Amino acid sequence: MGDPALPGVLVFGFEGPYGICEAHVEELQKHFTLITMKQFLENKTEFSQKIQAIYLWGGRPVIDRELLLSLPCLKIIGNSGAGLDHLDLPFIASCGVKVAHTPHAVSTPTADLGMALLLASARRVVEGCQLAVSPDTKHFSINWLGQEVSGATLGIIGMGTIGYKIAQRAKAFEMKILYHNRNRRRLEEEAAVGAAYCARLEDLLQHSDFVMLAASLTPQTQGLIGRRELQLMKPSAVLVNVGRGLLVDQDALVEALKNGVIKAAALDVTYPEPLPRDHPLLKLKNIIVTPHIGSATHQAKWQIMQDLVESILAALHGLPVPNEVLLK
Ligand SMILES: O=C(O)[C@H](O)CO
């Protein structure tokens, strides 16, 4: 458990499927006494007075109201990653607890993955791999064609840090870029990546060969891409999602992929995660699914940990908290 003189931090992800690796634990123990959820539950009375921060790692562990109310000394929740849709931010704020996240650490790898999925889908990389390793060599590379992305139009929905980095990458691939966002970017920023703003989502959907979802999940964006929106897309279009599964109506997507309303989809995020093995999406050939690995690189994970340590220490010392989430 480390040095009991250090501030107590309740660590999610210490155990279970989203375990924190040994190197991270060692680093964290330089600053904090780590308390796992299991330890906490076994000795609530002692630990509830000690825990000053929650370190929320990977996955979507539930921080419910009961837990929050049982931690009178809690000052901050450090959330690994950018998305905050799993947290009840108004309630957390009403408890006087701050929240910090790590948008900078995750933006580059998530943008890279968005491009990887786009390219893999355009060039049918996953199907190609299956063909190449199949015991049956009869279809090897015969009449087996993909799409070039140079000159194609990419429509980015959600032009925050991740969306913008995707635009930078797409520019290097000579793509034309449209984007839709709550707020328009500055003209210099648009010019730097050659992106044109679509105030109407419909315009972006109608004109894009690839539609990339990089928006965060909010009550306003949930179900943003439904049956109507899919119908507006070109039959040759590909939908890529590196945001959140709930941005898309998945039943409508299954239908659209089955009926040729759109050509293909590449999803790093779904709902639920993982999808049940008998889910209709997994039965389709024109789909690529990855297991929510946008930020799954060694570099990003280390940076996330360091950013969270910095934010937690600042909160515990009453200093301005880097990457604090401010309720609008
Ligand atoms: O929110 C994020 O940054 C990623 O999806 C990891 O959860």
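Residues numbered from 1 in each chain as written. Predicted model: local features only at pLDDT ≥ 70, side-chain atom pairs only at ≥ 80, totals over all residues. Heavy atoms only, no water.

Undergrad: Lay out the confidence of the model for the protein chain with the relevant residues and their values.
TA: Of all residues in the protein chain, 96% attain a pLDDT of 70 or more, and the chain-wide mean is 93. For this predicted complex, the interface confidence reaches an ipTM of 0.94, while the overall pTM sits at 0.94. (pLDDT = per-residue confidence, 0-100.)

Undergrad: I'd like a rundown of the site of the ligand, residues and numbers included.
TA: The environment of the ligand is made up of eight residues, and the closest members are Gly-81, Ala-82, Gly-83, Arg-244 and His-292. In the model, an oxygen atom of the ligand is placed 2.6 Å from a nitrogen or oxygen of the Ala-82 main chain. Starting from 230 Å² of accessible surface for the ligand in isolation, the protein chains cover 82%. (Near = heavy atom within 4 Å. Polar contact = N/O pair within 3.5 Å; in protein donor to acceptor, adjacent residues only side chain to side chain. Areas by Shrake-Rupley, 256 points an atom, 1.4 Å probe, with all protein chains shown as cover.)

Undergrad: Which residues make up the packing of helix 6 (residues 103-122) against helix 13 (residues 298-316), and what are the values?
TA: Running from amino to carboxyl end, helix 6 crosses helix 13 at an angle of 165°, the nearest separation of the two axes being 8 Å. In terms of orientation, helix 6 lies roughly antiparallel with respect to helix 13. Seen from above, helix 6 lies across helix 13 with left-handed handedness. Residues Ala-105, Val-106 and Pro-109 of helix 6 touch helix 13, and the partners they reach there are Ala-300, Gln-303, Ile-304 and Asp-307. Of the residues belonging to the contact of helix 6 with helix 13, the class tally is five nonpolar, one polar and one charged. (Axes fitted to C-alpha atoms, helices over the stretch in contact; angles between N-to-C directions. Helix = DSSP H or I, 4+ residues; strand = E, 2+ residues; numbered from the N terminus. Parallel < 35°, antiparallel > 145°, perpendicular 65-115°, else oblique. Left-handed = near helix turned anticlockwise from the far one by under 90°. Contact = heavy atoms within 4.5 Å. Nonpolar A, V, L, I, M, F, W, Y, C, P; charged D, E, K, R; others polar.)

Undergrad: So what's going on with the sheet that holds strand 1 (residues 8-12)? Which residues, and what values?
TA: Taken together, the five strands give an open sheet; going across it, the order is 2-1-3-4-5, and neighbouring strands pair in parallel fashion. In this open sheet, the two strands that pair with only one neighbour each are strand 2 (33-36) and strand 5 (98-100). The mean inter-strand angle of the sheet, taken between neighbouring strand axes irrespective of direction, is 25°. Sheet strands touched by helix 13: strand 3 (51-56), strand 4 (76-79) and strand 5. Its angle to strand 3, the strand with the most contacts, is close to 160°. (Pairing = 2+ DSSP bridges.)

Undergrad: Give a description of helix 1 (residues 22-29) that names residues and reports values.
TA: All buried positions along helix 1 are accounted for by His-24, Val-25, Glu-27 and Leu-28. Relative to the axis of helix 1, the buried residues are bounded by an arc of 165° and lie together on one face. Summarising the geometry of helix 1, the exposed residues directed more than 90 degrees from the buried face are Glu-22 and Glu-26. The elements touched by buried residues of helix 1 are strand 2, strand 3 and helix 13. (Buried < 20%, exposed > 50% of the residue type's maximum accessible area, 1.4 Å probe, protein only. Arc of directions from axis to C-beta.)

Undergrad: Mind laying out the sheet that holds strand 12 (residues 287-289), listing which residues take part and the relevant values?
TA: If you walk across this open sheet you meet the seven strands as 8-7-6-9-10-11-12, and the pairing is parallel. Of all strands in the sheet, those with a lone pairing partner are strand 8 (195-197) and strand 12, marking the two edges. Recorded for the sheet is a direction-independent mean angle of 15° between the axes of neighbouring strands. By the bridge criterion, five bridges tie strand 6 (residues 153-157) to strand 7 (residues 176-180) in an arrangement that is parallel. Opposite Thr-153, over in strand 7, you have Lys-176 as the bridge partner. Each of strand 6, strand 7 and strand 9 (210-213) touches helix 8 (residues 161-172); the most contacted strand, strand 6, lies at about 170° to it.

Undergrad: Summarise unusual backbone geometry; cite the residues concerned and give the values.
TA: Omega for the peptide link from Tyr-271 to Pro-272 comes to -5°, which places this bond in the cis form. On the secondary structure map, Pro-272 appears in the loop between strand 11 (264-267) and strand 12. Residue Pro-274 is bonded to the preceding Glu-273 through a cis peptide linkage, with omega at -10°. Locating Pro-274 in the fold gives a position in the loop between strand 11 and strand 12. A positive phi angle, near 55°, is found at Arg-124, a position not held by glycine. Mapped onto the elements of the fold, Arg-124 is located in the loop between helix 6 and helix 7 (125-133). A positive phi is found at His-292, a non-glycine position, where the angle reads about 55°. Summarising the element assignment, His-292 is placed in the loop between strand 12 and helix 13.

Undergrad: Residues and numbers for the pairing of strand 2, please.
TA: Walk down a regular strand and you will see the side chains alternate between the two sheet faces. Residues Thr-33 and Ile-35 point to one face of strand 2 and Leu-34 and Thr-36 to the other, with burial holding for every one of them. For strand 1 and strand 2, the ladder comprises four bridges, and the chain directions are parallel. Bridge pairing in strand 2 links Gly-8 to Thr-33.

Undergrad: Outline the packing of helix 6 against helix 8, supporting the account with residue identities and numerical values.
TA: Two numbers describe how helix 6 lies on helix 8: the axes approach to 8 Å, and their chain directions differ by 50°. By the angle between their axes, helix 6 is oblique relative to helix 8. Crossing handedness for the pair helix 6 and helix 8: right-handed. Along its contact with helix 6, which presents Ser-107, Thr-108, Thr-110, Ala-111, Asp-112 and Met-115, the element helix 8 presents Thr-161, Ile-162, Lys-165, Ile-166, Arg-169 and Ala-170. Tallied by class, the residues present in the contact of helix 6 with helix 8 amount to five nonpolar, four polar and three charged.

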